[in-house]
Amino acid sequence: MRARELDCVTGSGNLDLPGSSNWCVPDTFLVPTAVAKGAGPLLPADALRVVEVTSESNVDTDRVVKRRRQGEHGAPVYLLVDRIVAGLDAEPVGHWPCRAGT
C-alpha cells in the first residue's frame, strides 16, 4: 500500500533521540501526515516504520547499533534491508534481543 493511501508521508532525515546528543539518520521512514505537518523534530516513536539499508562500510552499525537505538526510542518496526546477506528483517523492535535492557 502506498503512503498516500495510508495518509502518511515518507522521508529521509534526522530522527531525534531525546536525552542524547545524537540524531539517527535512517534511509527512510514512514509517518502519519498529521504528525509530520508543522512538527518539530520527529522521534522514532512517531514513525510507523523505520527503514535502514546496510552498506559494507557500516553494516554492524545498521544491524545492531541503529536497531537498538531505534528500539530505545520507541520505533515500532525497524525494517533492515541487508544487502550483504541478501535478506530482509522486519520485526517489532521491542521483540528483538537488541532492545535496551535485554
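Higher on the page you've got the structure.
The text that follows walks through the structure, step by step, so that each part is easy to find. (Residues numbered from 1 in each chain as written. Predicted model: local features only at pLDDT ≥ 70, side-chain atom pairs only at ≥ 80, totals over all residues. Heavy atoms only, no water.)

Our next topic: the overall build of the protein. Each helix and strand in the protein was counted, giving two helices and seven strands. For the protein, the α and β elements follow one another from N to C terminus as β-β-β-β-α-β-α-β-β. Sorting the 102 residues of the protein into buried and exposed places 34% on the buried side. Taking the contacts inside the protein whose residues are at least 6 apart along the sequence as the reference set, 46% of them involve residues at least 24 apart. (Helix = DSSP H or I, 4+ residues; strand = E, 2+ residues; numbered from the N terminus. Buried < 20%, exposed > 50% of the residue type's maximum accessible area, 1.4 Å probe, protein only. Contact = heavy atoms within 4.5 Å.)

Strand direction decides the pairing type here: strand S5 (residues 49–53) and strand S6 (residues 77–82), joined by four bridges, are parallel. Looking at S6, one finds that Glu52 is bridged to Leu80. (Pairing = 2+ DSSP bridges.)

Our next topic: the pattern of salt bridges. On inspection of all chains with the given rule, the structure shows five salt bridges. The residue Lys66 makes a salt bridge to Asp62 at a minimum N-O spacing of 3.7 Å. Taken together, the residues span about one helical turn, with Lys66 and Asp62 both in helix H2 (residues 59–72) at a distance of four residues. Across this residue pair, the class does not change: Lys66 and Asp62 are buried. Of the charged contacts, one joins Glu72 and Arg68 as a salt bridge, the two residues approaching to 3.9 Å between their closest N and O atoms. Note that Glu72 and Arg68 are positioned in helix H2 at a spacing of four residues, about one turn of the helix. (Salt bridge = Lys/Arg side-chain N within 4 Å of Asp/Glu carboxyl O.)

Here Ala36 lies in helix H1 (residues 33–36). Expressed as a C-alpha distance, the spacing of Ala36 and Ala47, which sit eleven residues apart in the sequence, is 9.5 Å. Beyond its immediate stretch of four places on either side in the chain, Ala36 contacts Val9, Val31 and Leu42.

What follows covers the side chain of His73. Within the secondary structure layout, His73 lies in the loop between H2 and S6. Ignoring any residue separated from it by four or fewer positions in sequence, one finds His73 in contact with Leu17, Pro18, Pro44 and Ala45.

Looking at chain direction, strand S1 (residues 8–11) and strand S4 (residues 28–32) are connected through four bridges and run antiparallel. Paired with Gly11 across the bridge in S4 is Phe29. Two elements, S4 and S5, share three bridges in a ladder whose sense is antiparallel. For Phe29, the partnering residue across the bridge sits in S5 and is Val50.

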